[in-house]
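Structural characterization, general
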Amino acid sequence: MERRGLDPYGYFEREGSLGRVQGVFGPVVAAARERIGEAYGQRLHSAYLYGSVPRGTARPGRSDLDLLLALHHEAADEDRDTAEVLARGLDQDFAEIDGVGILLYGKNTLLSEQERDDLGWFLACLCTPLLGADLAEHLPRYRPDSLLARETNGDLAAVLPRWRARLEAASTPAEYRKLSRHFSRHLVRTGFTLVMPRWGGWTSDLAESAEIFGRYYPERAAQMRAAAAVALDPAEDPAVLHAYLDDLGPWLADEYTARHGTKTPR
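Rules behind the numbers
- Residues numbered from 1 in each chain as written.
- Predicted model: local features only at pLDDT ≥ 70, side-chain atom pairs only at ≥ 80, totals over all residues.
- Heavy atoms only, no water.
- Helix = DSSP H or I, 4+ residues; strand = E, 2+ residues; numbered from the N terminus.
- Buried < 20%, exposed > 50% of the residue type's maximum accessible area, 1.4 Å probe, protein only.
- Contact = heavy atoms within 4.5 Å.
- Areas by Shrake-Rupley, 256 points an atom, 1.4 Å probe, with all protein chains shown as cover.
- Lys, Arg positive; Asp, Glu negative; His and termini not counted.
- Charge placed at Lys NZ, Arg CZ, Asp CG, Glu CD.
- Phe/Tyr/Trp six-rings, centres within 6.5 Å; stacked < 30°, edge-to-face > 60°.
- Salt bridge = Lys/Arg side-chain N within 4 Å of Asp/Glu carboxyl O.
- Core = buried A, V, L, I, M, F, W, Y, C linked by side-chain atoms within 4.5 Å.
- Pairing = 2+ DSSP bridges.
- Axes fitted to C-alpha atoms, helices over the stretch in contact; angles between N-to-C directions.
- Polar contact = N/O pair within 3.5 Å; in protein donor to acceptor, adjacent residues only side chain to side chain.
- Parallel < 35°, antiparallel > 145°, perpendicular 65-115°, else oblique.
- Left-handed = near helix turned anticlockwise from the far one by under 90°.

With that settled, the discussion passes to the overall build of the protein chain. Secondary structure summary: the protein chain contains 11 helices and four strands in total. In terms of principal-axis extent, the alpha carbons of the protein chain reach across some 50 × 50 × 40 Å. Going through the 266 residues of the protein chain one by one, you find that 50% of them count as buried. Within the protein chain, contacts between residues separated by at least 24 positions form 74% of all contacts whose residues are at least 6 apart in sequence. By element, 51% of the accessible surface of the protein chain is carried by carbon and sulfur atoms, the whole surface being about 12500 Å². In the protein chain, 32 positive and 40 negative side-chain charges are present, and the distance between their average locations comes to 3 Å.

Right, let's talk about the packing of aromatic side chains for a bit. Any aromatic ring pair is given by two values, namely how distant the centres are and how the planes are angled relative to each other. One pass over the full model with this rule turns up 10 aromatic pairs. Measuring from centroid to centroid gives 6.1 Å for F12 and W202, while their planes differ by 70°, and the two rings are edge-to-face. One end of the pair, F12, is in the segment before α1 (26-40); the other, W202, is in the loop between α8 (173-199) and α9 (206-216), and 190 residues separate them in sequence. Taken together, a centroid distance of 4.2 Å and an interplanar angle of 10° make the contact between W163 and F183 stacked. Residue W163 is located in helix α7 (residues 156-169), and its partner F183 is located in helix α8; the two are separated by 20 residues in the primary sequence.

Okay, the pattern of salt bridges next. For the structure shown, the criterion picks out 21 salt bridges. A salt bridge links R150 to E151, with the nearest nitrogen and oxygen atoms 2.8 Å apart. Judged by its relative accessible area of 25%, R150 falls in the partly exposed class. Note that E151 and R266 form a salt bridge whose closest N and O atoms lie 3.3 Å from each other. Taken together, the positions of E151 in helix α6 (residues 146-153) and R266 in the segment after α11 (238-260) put the pair 115 residues apart, joining distant regions of the chain.

Core analysis: the biggest nonpolar cluster contains 56 residues, and F12, W121, L123, Y142, L156, W163 and Y244 have the highest contact counts within it. If you tally residues by element for this core, the top one is α8, at 10 residues. Discounting chain neighbours no more than four positions away, the residues touching L156 are W163, H186, L187, T190, G249, L252 and A253. Formed by 27 residues, the second largest nonpolar core is a distinct cluster that contains V28, A47, A58 and L71.

This part covers the sheet that holds strand β4 (residues 127-132). The strand order across the open sheet formed by four strands is β3-β2-β1-β4, and the pairing between neighbours is mixed. Looking at which strands have only one partner, the edges of the open sheet turn out to be β3 (100-106) and β4. Taken pair by pair, the neighbouring strands of this sheet meet at an average axis angle of 25°, ignoring direction. Where strand β1 (residues 44-50) meets β4, five bridges bridge the pair, whose relative direction is antiparallel. Residue pairing for β4: Y48 is matched across the bridge by P129. Sitting on the sheet, helix α3 (residues 77-93) is in contact with β2 (65-71) and β3, with an inclination near 155° to β3.

Quick look at the side chain of T203 now. Turning to its location among the elements, T203 is positioned in the loop between α8 and α9. Overall, T203 belongs to the buried group, its relative accessible area being 8%. A distance of 3.1 Å separates the side chain of T203 from the backbone nitrogen of D205, its partner in a polar contact. The contact partners of T203, leaving out residues within four places of it in the chain, are F192, E208, S209 and I212.

What follows covers the packing of α8 against α11. Orientation of α8 relative to α11, taken along the N-to-C sense of each, is 25°, at an axis distance of 10 Å. Taken together, the axes of α8 and α11 lie roughly parallel to each other. Crossing angle aside, the handedness with which α8 passes α11 is left-handed. Counted together, Y176, L179, S180, F183, S184, L187, T190, G191, T193, L194, P197 and R198 of α8 and P238, L241, Y244, L248, G249, L252, E255, Y256, R259 and H260 of α11 form the full contact between these two elements.

As structure tokens, this is what we get:
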């Protein structure tokens, strides 16, 4: 039977847990917890893991470490500089991970009405508590509905011009690999949330996301499966990125807007 990430009442189950972290990633998670506390001290409200590491699907030497930090105040330049140093240090010290991503937000933003169905949902459903009091206790339960689809990924049309500028500025294979990983992940997740309310569930698995999307848009299934493959094994060929920006991306943005509307401006 297909498991769709929901409890018996149709609400999202929180994905990931510290208990699912593979042993090989235990030392880097422990180091992240310790270093975050030392770096931010009283500025930190809480810290969370998300992505493949707390889901137990990370690949040693290939997967990155993703962190969300909730601060007592809104993030300032000093906080962002601290995050850069922290990320760089973890990446250099642990060969088990390939990069570290740190999201920084003030706790009031994460709990705000405006972010209720975007960052709030993300924290409550996709993030695993690592340090401090869990803000999810102050957030509602969530269902896979059209409102959630709109507020999480209903801004692709606005994102595409920024992607195009980043591609025009890139020139090396390493830069193309980084962009292809980011673009493809975003497109596959947007494709999945496009059909999420009809499918009636949640998955963060990119290959599964592409397959589910393909059930509803068979004419685009091959493109989405290819994008999921690039998300796992980034491409150095800029033609892959141009195809995203010239074809799959604009089509997906138009279809998303037609079905769910446009994300509330921030």
